[in-house]
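Close look at the chain arrangement
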Amino acid sequence: MAQSITQLAAKDVSDAAAFLREVAEPCRPVVIRGLVSSWPAVSAANGSPGQLRDYISRFDAGAEAEVFVGEPHIAGKYYYTDDLRSFNFSRARMHFNDALNRIVATESGSNGSSMYMGSLPIEQYLPGFAAENQLSVLNMNVAPRIWIGHASNVSAHYDTMDNIACVVAGSRRFTLYAPETIDRLYIGPIDHTMAGQPVSLAAAAPADDERYPRFREVREQALTAELQPGDAIYVPKLWWHQVEATAPFNVLVNYWWDAFSIGRDAPATAMLLSLIAIAERPPAERQAWKALFDHFVFRTNGHPLAHLPVEQHGVLGPLKPDNYQKIRARVMQMLRGA
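Structure report, in brief. The shown structure was predicted, so the numbers you read here are calculated from the model rather than taken from an experiment.

1. Overview of the nonpolar core
Of all hydrophobic cores here, the largest spans 51 residues; its most connected members are L52, I56, M117, L135, I148 and I164. A per-element tally of this core places helix α4 (residues 96-105) first, with 5 residues. What I56 contacts, discounting residues up to four positions off in sequence, is F96, L100, L126, F129, I146 and I148. Formed by 40 residues, the second largest nonpolar core is a distinct cluster that contains W147, A156, Y158 and W240.

Structure representation (structure tokens):
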């Protein structure tokens with residue numbers, strides 16, 4: 001049976017410092033009830049879909065957006081075709097306000113088809129919306145995105161950034177799997193995806209699907225949460241999450257950022273470089289490199305030079321103020337073949 005996610009009230013994480021310390025640093029999903037319940041957008045949504053549409057339309061910049069369109073038979077589950085070579089939905093370009101009006105007009109589901117537009121940068125599509133609907137637990141420089149559509153099912157995937165997802169209208173069900181379950185999730189194509197990130201084929205399949213036997217080991221480890229308007233969830237980077245919009249009309253605003261970045265270089269970049277530098281070397285050599293990574297990078301036994309005075313730690317000392325640039329310069333020199 002799926003397990004529940006830790007829950008907090010909005011008053012328990014009232015500022016950015018408390019959020020970073022109490023929510024983000026443990027690297028576990030957390031639901032924050034009522035975090036954005038004071039937003040004007042949520043108030044409009046509590047009135048009716050039409051009221052929220054009118055509120056959002058005030059900010060429309062007239063830009064075009066990509067819209068997913070699904071036929072009735074997919075029931076809002078945007079996914080692959082059976083051979084994984086194509087997708088079971090089509091994509092269309094529409095002006096944002098036209099798509100919004102059509103989604104609201106058909107939210108009763110009378111024609112059975114579904115529409116979904118997601119990950120739209122709010123500053124580009126709805127300038128001024130963010131100023132009226134601010135998130136107190138993040139710095140203002142973290143840019144929000146908006147997701148609008150009918151009932152939908154987005155397959156379990158991971159992001160390489162931390163994520164706060166805020167429900168504005170409708171309802172959302174999140175089902176999450178820890179990063180260490182990846183070897184039992186049966187990952188789909190890496191470079192042929194629906195929206196940029198690979199998905200778990202097993203998590204999207206029926207419970208009795210015999211193609212994914214190892215998934216049974218982690219199915220019951222899933223964490224679940226049901227969110228209503230005003231609620232938010234923190235999803236740490238690399239946590240797999242399936243997102244189901246369960247109401248006829250749904251709006252979500254999310255924020256992606258790297259909570260613990262100390263420079264412009266991301267961990268995902270290091271992993272991609274490792275694919276060409278390490279992944280196809282002999283098993284014994286890969287194990288040797290793993291030992292060095294564990295010691296110097298993941299520091300499973302503490303700081304690698306703890307036995308030496310701090311002043312002798314060199315580039316293994318704190319990255320700031322100088323070591324970050326020293327190491328980066330050396331890496332760039334090595335990549336150039338110097």
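2. Observations regarding the packing of aromatic side chains
Aromatic ring pairs are defined here through the distance separating the ring centres and the angle between the ring planes. Counted under the stated rule, the structure contains 20 aromatic pairs. Aromatic pair Y79 and Y80: ring centres 5.6 Å apart, planes at 75°, arrangement edge-to-face. Ring pairs connect the aromatic residues F68, Y78, Y79, Y80, F87, F89, Y116, W147 and W256, which therefore count as one cluster. The ring of Y79 has K77 sitting right over it, with the charged end atom 5.2 Å from the ring centre. Across the ring face of Y324, the terminal group of K320 is positioned such that the distance to the ring centre comes to 4.8 Å.

3. Let's talk about unusual backbone geometry
The residue after K320, namely P321, is reached through a cis peptide bond having omega 15°. Position of P321 among the secondary structure elements: in helix α11 (residues 319-335). The phi dihedral of A75 falls on the positive side, at around 50°, and the residue is not glycine. Mapped onto the secondary structure, A75 falls in the loop between β4 (64-70) and β5 (77-78). Backbone geometry places S119, a non-glycine residue, at a positive phi of 60°. Structurally, S119 can be placed in strand β7 (residues 114-121). Residue classification places S119 among the partly exposed residues on the basis of a relative accessible area of 22%.

Reading the values: rules and limits
Residues numbered from 1 in each chain as written. Predicted model: local features only at pLDDT ≥ 70, side-chain atom pairs only at ≥ 80, totals over all residues. Heavy atoms only, no water. Core = buried A, V, L, I, M, F, W, Y, C linked by side-chain atoms within 4.5 Å. Buried < 20%, exposed > 50% of the residue type's maximum accessible area, 1.4 Å probe, protein only. Helix = DSSP H or I, 4+ residues; strand = E, 2+ residues; numbered from the N terminus. Contact = heavy atoms within 4.5 Å. Phe/Tyr/Trp six-rings, centres within 6.5 Å; stacked < 30°, edge-to-face > 60°. Lys NZ or Arg CZ within 6 Å of the ring centre and 35° of its normal.

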